[in-house]
Amino acid sequence: MIDIVDHDTVERARRGDSQALGRLYDENHAALYRYLWARLQDRKLAEDLTGDVFLRMLEALPRYRPSDVPFRAWLYRIARNLLVDHYRKAGIRQAVPLQETSAGLPTAGAPEPLVERILTVERMHQALACLDGALQEVVSLRFLAGLSLRETAATLGKTQAAVKALQHRGLAALRLAFSEGLMNDE
Amino acid sequence: MNDDLLQQQLARLEAGEQFESVLNGLPAEVAELVRTAAALRDLPHPPPAAAALARQRQRLLSAQKGEKTMSDSSRSSRRRIFGGLSLAGAVGLLLVCVFVALGAGVLLFREGADDGLVKDPDEVMANSPLADPFASTLDAPDPQTALLQGSRGQVEIQVVGGIWESAAAGEMIASGGRLRTGPLSSATLALYDGCLVTLGSDTEVLIAQLDARRDGPRVIEIVQVSGETFHVVAQSTHLASVYEVFTPSGSGRVQGTVFAVTVSANQESSFSVVEGAVAVTAAGETVVATAGETTSLHSGEPPLPPASAFSGEGTVTQIGEFWIIGGQAMLVDPATLIVGDPQVGDWAAFAGRILPGGVRVADQITLIHFSVVDTFSFNGTVETISDTSWVVSGLTLSIVPETVIDAEIEVGDQVEVSGTIAEGNVFLAGEIHLLDETAGLAFNFAGVVEAIGPDEWVVSDIAVAITAETVIDPDIVTGDVVQVSGQILPEGIWRAEAITRVAESGTFDFAGVVISTNPWNVSGVPFGVDAGTQIDDGIQTGNRVRVRGVVLPTGEWLAESILQYDQGQRHAIHFTARVETIDPWLIGGTLVTVDNHTQILGEIAVGDLVSVRGNLLPGGEVVANKIILVAADSTCTLTVGTVAAFDGQTLSLLDGQTIVLPPELVLDVDLAVNDTIVIETCPDDDGLPIITGLTLLEEGDQVTTDTSGSGDQGQVVICHIPSGDLSRARTLSVAASAVDSHLAHGDLLGPCP
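Residues numbered from 1 in each chain as written. Chains lettered and ligands numbered in written order. Predicted model: local features only at pLDDT ≥ 70, side-chain atom pairs only at ≥ 80, totals over all residues. Heavy atoms only, no water.

**A look at the overall build of chain B**
Definition in use: Here a helix means four or more residues in a row that DSSP labels H or I, a strand means two or more in a row labelled E, and each is numbered from the N terminus. We call a residue buried when its accessible area falls under 20% of the maximum for its residue type, exposed when it is over 50%, and partly exposed in between, using a 1.4 Å probe and counting protein chains only. Residue contacts are counted whenever heavy atoms from the two residues lie within 4.5 Å of one another. Throughout, the Shrake-Rupley method with a 1.4 Å probe supplies accessible areas, and for residues the shown protein chains are the sole cover considered.
Along chain B, the regular secondary structure elements total nine helices and 53 strands. For chain B, the residues scored as buried account for 50% of the 753 residues in total. A separation of at least 24 residues holds for 55% of the contacts in chain B among residues at least 6 apart in sequence. Of the roughly 32,300 Å² of accessible surface on chain B, 52% is carried by carbon and sulfur atoms.

**Focus: the overall build of chain A**
The helix and strand inventory of chain A stands at nine helices and zero strands. Start at the N end of chain A and walk to the C end: the helices and strands fall as α-α-α-α-α-α-α-α-α. Expressed as a percentage of its 186 residues, the buried residues of chain A come to 52%. When the accessible surface of chain A is summed, it comes to about 7,900 Å², and 52% of that surface belongs to carbon and sulfur atoms.

**With respect to the environment of G16 of chain A**
All names here are of chain A. Turning to its location among the elements, G16 is positioned in the loop between α1 (7–14) and α2 (18–40). With a relative accessible area of 36%, G16 lands in the partly exposed category. With 42 residues separating them in the primary sequence, G16 and L58 have C-alpha atoms 9.6 Å apart.

**Looking at the packing of helix α3 (residues 43–60) of chain A against helix α4 (residues 50–65) of chain B**
Note the cut-off: Helix axes use the C-alpha atoms of the stretch in contact, all axes being lines fitted to C-alpha atoms, and the angles between their N-to-C directions lie in the range 0 to 180 degrees. For classification purposes, an angle smaller than 35 degrees is called roughly parallel, one larger than 145 roughly antiparallel, one from 65 to 115 roughly perpendicular, and anything else oblique. By definition, turning the near helix anticlockwise from the far helix through less than a right angle yields a left-handed crossing, and turning it clockwise yields a right-handed one. For this classification, Asp, Glu, Lys and Arg are treated as charged, while Ala, Val, Leu, Ile, Met, Phe, Trp, Tyr, Cys and Pro are nonpolar and the rest, including Gly, are polar.
Between α3 of chain A and α4 of chain B, the least distance of the axes is 10 Å, while the angle of their chain directions is 20 degrees. With respect to α4 of chain B, the element α3 of chain A is oriented roughly parallel. Crossing hand, α3 of chain A versus α4 of chain B: right-handed. Of α4 of chain B, the residues touching α3 of chain A (which contributes E47, T50, G51, F54, L55 and L58 of chain A) are A52, Q56, R59, L60, A63 and Q64 of chain B. Classifying every residue of the contact of α3 of chain A with α4 of chain B by side-chain character gives six nonpolar, four polar and two charged.

**A word on the packing of α2 of chain A against α4 of chain B**
Remark: α2 of chain A packs on α4 of chain B, axes separated minimally by 10 Å, with the N-to-C direction vectors making an angle of 145 degrees. As for how α2 of chain A packs across α4 of chain B, the hand of that crossing is right-handed. Residues S18, L21, G22, R23, Y25, D26 and H29 of chain A of α2 of chain A lie in contact with α4 of chain B, whose contacting residues are L53, Q56, R57, L60, L61 and Q64 of chain B. For the contact of α2 of chain A with α4 of chain B, a count of residues per class yields five nonpolar, five polar and three charged.

**Observations concerning the packing of aromatic side chains**
We count it as follows: Pairing of aromatic side chains requires ring centres within 6.5 Å, counting the rings of Phe and Tyr and the six-membered ring of Trp. Pairs whose planes differ by under 30 degrees are stacked, by over 60 edge-to-face, and all others tilted. Geometrically, a charge over a ring is one whose NZ (Lys) or CZ (Arg) sits within 6 Å of the ring centre while staying within 35 degrees of the ring normal.
Counted under the stated rule, the structure contains six aromatic pairs over all chains. Ring plane angle 40 degrees and centroid distance 5.8 Å describe the contact between F71 of chain A and W74 of chain A, whose orientation is recorded as tilted. Here F71 of chain A pairs with W74 of chain A, and both are found in helix α4 (residues 71–90), just three residues apart, close to one helical turn. Residue W74 of chain A is classed as buried on the basis of its relative accessible area, which comes to 1%. An aromatic cluster is built from Y243, F259 and F271 of chain B, whose rings are joined through pairwise contacts. For R214 of chain B, the ring lying beneath its charged end belongs to Y192 of chain B, and the centroid distance is 3.8 Å.

**Section: the side chain of T294 of chain B**
Residue and element names in this part refer to chain B. In plain terms, the rule: Two N or O atoms form a polar contact when they lie within 3.5 Å of each other; inside protein one atom must be a possible hydrogen donor and the other a possible acceptor, and for residues adjacent in sequence the pair counts only when both atoms belong to side chains.
Relative to the helices and strands, T294 resides in strand β16 (residues 293–297). Within the local environment of T294, its side chain forms a polar contact with the side chain of S272, the two groups lying 3.1 Å apart. In contact with T294, other than residues within four places in its own chain, are S270, F271, S272, P305, P306, A307, A309, R353 and D363.

**A word on the pairing of β16 of chain B**
Residue and element names in this part refer to chain B. Just so we agree on the cut-off: In this analysis, strands are considered paired if DSSP registers two or more bridges between them.
Of all five residues in β16, four are buried, a share of seventy percent or more. Judged from the four bridges that link them, strand β13 (residues 269–275) and β16 form a sheet pairing that is antiparallel. Within β16, the position partnered with F271 by the bridge is T295. Bridge analysis of β16 against strand β17 (residues 307–318) gives two bridges, and the strand direction is antiparallel. Paired with E293 across the bridge in β17 is S308.

**Regarding the pairing of strand β29 (residues 456–459) of chain B**
Residue and element names in this part refer to chain B. Relative to strand β30 (residues 462–465), β29 is paired through four bridges, and the arrangement is antiparallel. The partner of V458 across the bridge, within β30, is A463. Count of turn residues in the β29/β30 antiparallel hairpin: two residues, of which S460 carries a positive phi of about 45 degrees.

**Structural notes on unusual backbone geometry**
Residue and element names in this part refer to chain B. The amide bond that connects N518 to the next residue, P519, takes the cis arrangement and shows omega of 0 degrees. The omega angle of the peptide bond from D583 to P584 is 5 degrees, so this bond is cis rather than trans. Summarising the element assignment, P584 is placed in the loop between β40 (572–581) and β41 (585–587). A positive phi is found at D202, a non-glycine position, where the angle reads about 50 degrees. By the secondary structure assignment, D202 is in the loop between β7 (196–199) and β8 (204–211). For A283, which is not a glycine, the phi torsion comes out positive at approximately 50 degrees.

**Observations regarding the pattern of salt bridges**
Rule in force here: Here, a salt bridge means any Lys or Arg side-chain nitrogen found within 4 Å of an Asp or Glu carboxyl oxygen.
Counted by the stated rule, this structure contains 18 salt bridges over all chains. Residue R57 of chain B pairs with D26 of chain A through a salt bridge whose shortest N-O separation is 2.7 Å. Here R57 of chain B, found in helix α4, pairs with D26 of chain A, found in helix α2, and the two come from separate chains. According to the relative accessible area criterion, R57 of chain B is partly exposed, its value standing at 27%. In this structure, E244 of chain B engages R253 of chain B in a salt bridge whose closest nitrogen and oxygen atoms are separated by 3.2 Å. For R253 of chain B, a relative accessible area of 40% corresponds to the partly exposed category.

**So, α1 of chain A**
Within an α-helix, residues lying three or four positions from one another point in the same direction, as the helix has 3.6 residues per turn. The test is simple: Along the arc lie the directions from the helix axis toward the C-beta atoms.
Of all the residues in α1 of chain A, the buried ones are T9, V10, A13 and R14 of chain A. The buried residues of α1 of chain A occupy an angular sector of 135 degrees when the element is viewed end-on, so they sit on one face.

**Notes on the nonpolar core**
Selection criterion: Among buried residues, those of type Ala, Val, Leu, Ile, Met, Phe, Trp, Tyr and Cys that are joined through side-chain atoms within 4.5 Å constitute a nonpolar core.
Counting residues in each nonpolar core, the largest one holds 75 residues, and the members touching the most others are L36, M57, F71, W74 and Y76 of chain A together with L40 of chain B. The biggest single contributor to this core is α2 of chain A, with twelve residues. Aside from chain neighbours lying at most four places away, what touches L40 of chain B is R34, M124, V139, F143, L144, L171 and L174 of chain A.

**Notes on the confidence of the model for chain B**
Residues and elements named next belong to chain B. Keep this limit in mind: pLDDT is defined as a per-residue confidence score from the predictor, taking values between 0 and 100.
Taken residue by residue, chain B gives an average pLDDT of 74. The fraction at 70 or more is 76%. At the level of individual helices and strands, chain B shows its lowest average pLDDT in helix α7 (residues 107–111), which scores 23, and its highest in β8, which scores 93. Taken together, the stretch residues 67–137 has pLDDT below 50 and engages in 168 contacts with residues farther than four places along the chain or on a different chain. Taken as a whole, residues 701–713 scores under 50 in pLDDT and shows 20 contacts with residues more than four places along the chain or in a different chain.

**Description of α3 of chain A**
For clarity, the cut-off: Expected span of a helix: the number of residues minus one, times 1.5 Å.
Given a rise of 1.5 Å per residue, 18 residues ought to cover 26 Å, and the 26 Å separating the end C-alpha atoms of α3 of chain A matches this to within 8%. Within α3 of chain A, 15 of the 18 residues are buried, which leaves the element mostly enclosed by the surrounding structure.

**Some details on the confidence of the model for chain A**
All names here are of chain A. On average, residues of chain A carry a pLDDT of 73, and 73% of them reach 70 or more. Element-level mean pLDDT values for chain A span from 34 in helix α5 (residues 98–101) up to 88 in α3. Of the regions scoring below 50 in pLDDT, residues 92–115 engages in 32 contacts with residues more than four places distant in sequence or in other chains.

**Side note on the environment of L171 of chain A**
Structurally, L171 of chain A can be placed in helix α9 (residues 160–185). Apart from the residues within four sequence positions on either side, L171 of chain A is in contact with V139 and F143 of chain A together with L6, L10, L33, T36, A37 and L40 of chain B.

**Let's talk about the environment of T247 of chain B**
Residue and element names in this part refer to chain B. Mapped onto the elements, T247 comes out in strand β10 (residues 242–247). The class for T247 is buried, based on a relative accessible area of 10%. For T247 and S299, which are 52 residues apart along the polypeptide, the C-alpha to C-alpha distance reads 9.7 Å. Apart from the residues lying within four places of it in its own chain, the contact partners of T247 are Q224, V261, V263, S269, F271 and L297.

**Here we look at the side chain of E268 of chain B**
With respect to the helices and strands, E268 of chain B occurs in the loop between β12 (258–263) and β13. Setting aside chain neighbours within four positions, we find E268 of chain B in contact with S249, T262, V263, L297, H298 and A335 of chain B.

And the structure:
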């Protein structure tokens, strides 16, 4: 995951260079989709919103100022705004079906370890979904989207110190929720 | 274990260091968290469909080339559209969007550029709380559809034959549809040809005709039922194009321009032109108002001749039939829209028009700030408590029945006190609140309910968390104006403790962490500041501050004060009052210690209004860190009165006053009974009041103006040049009999150039 986006690519995309725009898409769509999927836990919706984020990015590119905010932080702010928009329209998220969470797992291998891993992944997703809003956002951006501390802070409009504190608490809460999930299963 | 240690390990992991190497030697607790982070990074997810990705990429590139395309999510939900406009179109539209989002209602009615013209959008954007680079920028999909591009507060749409339904950005409206806004709300419609219509609060429009084509004559007809709208009309090269706004008292038609329309409660309306020209028709007659002009429409009557617009803001020094704001006298009539009930001493914005003859009529007066005179606030330790007075950090506070005091405050508690300095130099406590650092940061604001959910409400764009303990007034519905109070939790959640329905008014008061200072954003809440905002020095990103202010009619938040929230144990005090003596400094009845560390900003004299910021020492001594000049003593006063009699030297007013005019005062006008005048009185060198100016505000009978300079009803327009000073020249309407004497002392016939 690149941490510093080539500003020349951004500038060329802003001027209408389709190759540069394509590169921005290619370099960012996978992580963006992963972030959106983790927040939505709906593959089709995450696909659609990923496309929408890039269309919004294209509209907003003329106003983007690299000196104000890192490019990826800017891109994820757009994504976050779309998510907020979606949540407000759709209301509370739906429960996550097991088959959705396990859809990315390999199907080969011994049956028992695979089942165990599916359960682990499901617990992790459920634990993530249980986090409070701000904690979930920081954890998703830092560890699913792979944003740096600075990028996460810029995305959320928080200080890096605040993000440090939130990621600490988020990981601790996640660990606790995950452990409790295991105990309940047992 | 601290946050930094964990971050250091995560950074090593992100830099590519081996997982086991990072874990080596770490405390078990930190290692567990690093493991959790690593597990998250490797958490599998269902991959997106390859075909979907390919289509998505192609759609993005097509959009860049200018091919019209619809967004992915809109295919699932036809009511919402995100983007899909051409890049060239996007650039143009964005500029207009910035202009409208920042200009509508703010620039025209509040920002108050003296010339009434709109400021440079970039300049405005840089200083605006709305300077959000992620604001919605959407586009109408076809000429027959308008898109709700932005909304704030309560916005509703009614389709033909339907009922009013709550609407949000992204929804669309066609011919026959209606759009309305509630209090503290606004909405912007984007049309296919680039035109934009912004609705202010309490406004309703009907889209009567909508064919906003770009490749032929457009036909756009809007009926404005109430409130105020702001229009940015894109130029059309087709002469047959129609863009017309109908009001109950007339209509305005344009080709390409920027203008505002206001419909008052009594169905009278006005058209104010910012750029270009608007042809306004009523009762079969048409007038053309050009940039900087306003025309008013009274039901059943032809439009009034266009008049120059004026606007500004300042301290209210007189209210009544005539108001004086920032030294500007203006007539207030039944059609004047007065927002927020400003009183003498308050800071208000005004906008209106200058009638022939120079009379200024206010169309709108909006309260911006309450008076800052003689107010104080500080944090301190409670030393004694009684029914009528408390001593907090050595300062005696007077307690009255209306003083708001948190329950369970005891001697020794840390409190925050605010109030006014009453006559006799009494510190009258308005509010005393317990400082509770552990519970989070308090907030309290008024806003419009936009969404109601089981766990979360959205009030004026702020999401507040609802818990089982939240006390909520019964029967609150979307669109109600409510007061919300609670705590901002460390993770940034605004937890509501009480939500109560309030009358339509907007104030806010919350404490939070500064995210940015230009534009201002505290704990995720953007707000504006202006010249009257009190801001503690040295506030930086990351500081905790308390922000108090007002919610403007457009829904924007304007801060009255931004103060450091936690001052440690130094017990800061902050108050604004007039200087009574200097050396020793007695300000608002308080003896203020000034030492070598005190900064005195401005040339301060006795009588000036100053803001004192300093420390409150044990025993009540106030040591000033800064004394800042807020306003110089304005010893000149303006008095408005009506002439009862005048014999050339002695003036009798209807209120009984008799004034002998000094012989050196040269009258610019011939006074007659029933004339309304403004008299300026200033102190002379000995401090004695003398009359230094007299201005005719409104003649007793109807004023007629003859700009040719040869009046046919006894009035002649001249250019009056006081003492030959051209920089002070102004146009006056005087009686024909007085013309010769004016010309004799250097005045010119006709209006000033």
